[in-house]
Amino acid sequence: MTNVPAEYGLILAAMLFAIGLAGVLARRNIIFLLLSIEIMLNAAGLAFISAGSKWGQADGQVMFIFILVMAAAEVSVGLAIVLQLFHRIRTVNSDEANTMRG
Amino acid sequence: MMTFFYISAAVALTSSVLAISRSNAVHALLYAIVSLLSVALIFFMLGAPFAAALEVVIYAGAIMVLFVFVIMMISSGPGSIQQERRWMNFRLWIGPSVLSTVLIIELFAVMSLPREPLSARPVIESKQVGIALMGPYMLGVELSSLLLTAGLVGAYHLGKRKRDDSQMEDVTIHD
């Protein structure tokens, strides 16, 4: 019965972050872009928890709570922007939103 | 313990790859929820049960429900009933159900283990997290409350403006 090494958690966090980054780069649907950003933020939280568990301090979980707050605020504003964009250009393809007013 | 970690990590990676590669947004959301649940299980194994609970309640609960609401609002209209009928196909539930079943079997296995050999690494309880939050990180808590207020006001404003535009158009038409 051995403990999970913190390095393995960091490696898993890096792989999850790479998957999320690949999603952001590859997809053109705005909802999938936001979902991939959520996966990346979750990977960052996993890295913080792993480091905090290695040192036995509560700071990692505190930073995870801050990441959670930031993700909640980001996704609420981001999804409101997606709705607004969908009402204007009737699509969720991010390449279509390429003109500015003014 | 390492076996459980490897299983959870494999489920997390598989469901994340499936989440970003689906063409249907609701299927992608199902896989993303499975990915978040498996990461919560890894938090539990790393000695952070409070973070694991927050991950399930806020990430897999609240934030994913926001995504579901937006997909519902975008995909309403003619043809949505056929789309809904296609989404009720039970074969589509097999993938997420199998991954979630693996996770819940693993959760019961982890919880049925004796406590002593698991705690060579100290478990960081929510009390320590709370003391750290209200002590040295007080400024961060205040800043995150400001951030949440800004997010609330921003989401309200962005969600409201379209309706104001249409009302103004209606007024000009009727005049």
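Residues numbered from 1 in each chain as written. Chains lettered and ligands numbered in written order. Predicted model: local features only at pLDDT ≥ 70, side-chain atom pairs only at ≥ 80, totals over all residues. Heavy atoms only, no water.

1. Things to note about the packing of helix H1 (residues 2-21) of chain B against helix H2 (residues 25-45) of chain B
All names here are of chain B. Running from amino to carboxyl end, H1 crosses H2 at an angle of 155 degrees, the nearest separation of the two axes being 8 Å. Judged on the interaxial angle alone, H2 and H1 are roughly antiparallel. Judged by the twist between their axes, the crossing of H1 over H2 is left-handed. Mapping the contact onto sequence places Phe4, Phe5, Ser8, Ala9, Val11, Ala12, Ser15, Ser16, Leu18 and Ala19 in H1 and Ala28, Tyr31, Ala32, Val34, Ser35, Ser38, Val39, Leu41, Ile42 and Met45 in H2. (Axes fitted to C-alpha atoms, helices over the stretch in contact; angles between N-to-C directions. Helix = DSSP H or I, 4+ residues; strand = E, 2+ residues; numbered from the N terminus. Parallel < 35°, antiparallel > 145°, perpendicular 65-115°, else oblique. Left-handed = near helix turned anticlockwise from the far one by under 90°. Contact = heavy atoms within 4.5 Å.)

2. Observations concerning H2(B)
Owing to its 3.6 residues per turn, the α-helix brings residues three or four apart onto one side. Residue and element names in this part refer to chain B. Here H2 contains 21 residues, and its C-alpha end-to-end distance of 30 Å stays within 8% of the 30 Å for a straight helix at 1.5 Å per residue. Buried residues dominate H2, accounting for 16 of its 21 residues. Of the residues that open H2, the one with a side-chain oxygen 3.2 Å from the backbone nitrogen of Val26 is Asn24. Positive backbone phi, approximately 85 degrees, marks Gly47, located one or two places after H2. (Expected span 1.5 Å × (residues − 1). Buried < 20%, exposed > 50% of the residue type's maximum accessible area, 1.4 Å probe, protein only. Polar contact = N/O pair within 3.5 Å; in protein donor to acceptor, adjacent residues only side chain to side chain.)

3. A look at the confidence of the model for chain B
Keep in mind that low pLDDT regions are not for reading the predicted coordinates in detail. All names here are of chain B. Mean pLDDT over chain B works out to 81, with 79% of the residues at or above the 70 mark. Within the model, pLDDT remains below 50 along residues 168-175, and this stretch shows zero contacts once partners closer than five positions in the same chain are excluded. In the predicted complex, the global pTM is 0.84; the interface-specific ipTM is 0.90. (pLDDT = per-residue confidence, 0-100.)

4. Considering the interface of chain B and chain A
Of the residues lining the interface, 63 residues belong to chain B; the matching set on chain A comes to 59 residues. Buried area between chain B and chain A, both sides added, is near 5,500 Å², and the carbon and sulfur share of it is 77%. The interface formed by chain B and chain A includes zero salt bridges. Linking chain B with chain A are seven residue pairs in polar contact (both at pLDDT 80 or more). (Buried area = accessible area lost by both parts, 1.4 Å probe. Salt bridge = Lys/Arg side-chain N within 4 Å of Asp/Glu carboxyl O.)

5. Description of the nonpolar core
Within the largest apolar cluster, 71 residues are counted, with the highest numbers of intra-cluster contacts made by A:Leu12, A:Leu46, B:Phe43, B:Phe67 and B:Ile74. Elements with a minimum of two residues in this core: helix H1 (6-26), helix H2 (30-55) and helix H3 (59-89) of chain A together with H1, H2, helix H3 (49-74), helix H5 (94-111) and helix H6 (126-134) of chain B. When we break this core down by domain, the ones giving at least three residues each are domain 1 (1-114) and domain 2 (125-163) of chain B. Excluding its chain neighbours within four sequence positions, the residues that come into contact with A:Leu46 are A:Gly9, A:Leu12, A:Ala13, A:Leu16, B:Val39, B:Ile42, B:Phe43 and B:Leu46. (Core = buried A, V, L, I, M, F, W, Y, C linked by side-chain atoms within 4.5 Å. Domains from an automatic or database assignment.)

6. Considerations on the packing of H2(A) against H1(B)
One can describe the packing of H2(A) onto H1(B) by two numbers: an axis separation of 10 Å at closest approach and a directional angle of 160 degrees. The angle between the axes of H2(A) and H1(B) places the two elements in the roughly antiparallel class. Crossing angle aside, the handedness with which H2(A) passes H1(B) is left-handed. Judged by residue contacts, A:Phe32, A:Leu35, A:Ser36 and A:Ile39 of H2(A) engage B:Ser16, B:Ala19 and B:Ile20 from H1(B).

7. So, a nonpolar patch on the surface
On the surface, a nonpolar cluster with roughly 520 Å² of combined accessible area is contributed by B:Phe44, B:Ile104, B:Ile105, B:Phe108 and B:Met111. Here the nonpolar patch gets four residues from one element, more than from any other, and that element is H5(B). (Patch = residues over 30% accessible without salt bridge, like charges linked within 9 Å, V, L, I, M, F, W, Y side chains within 5 Å. Areas by Shrake-Rupley, 256 points an atom, 1.4 Å probe, with all protein chains shown as cover.)

8. Some remarks on H6(B)
All names here are of chain B. Looking only at H6, the buried set comprises Val129, Ala132 and Leu133. Around the axis of H6, the buried residues are gathered within 100 degrees of arc, so they sit on the same side. Exposed and oriented more than 90 degrees from the buried face of H6 are Lys127, Ile131 and Met134. (Arc of directions from axis to C-beta.)

9. A word on the pattern of salt bridges
Residue and element names in this part refer to chain A. Under the counting rule described, the total for this entry stands at two salt bridges over all chains. Of the charged contacts in the structure, one is a salt bridge between Glu7 and Lys54, with a shortest N-O distance of 3.7 Å. Of this pair, Glu7 sits in helix H1 while Lys54 sits in helix H2; the two residues are 47 residues apart in sequence, bridging distant segments of the chain. The class of Glu7 is partly exposed, set by a relative accessible area of 41%. Judged by relative accessible area, which is 45%, Lys54 ranks as partly exposed. Note that Arg28 is salt-bridged to Asp95, the shortest N-O span being 3.6 Å.

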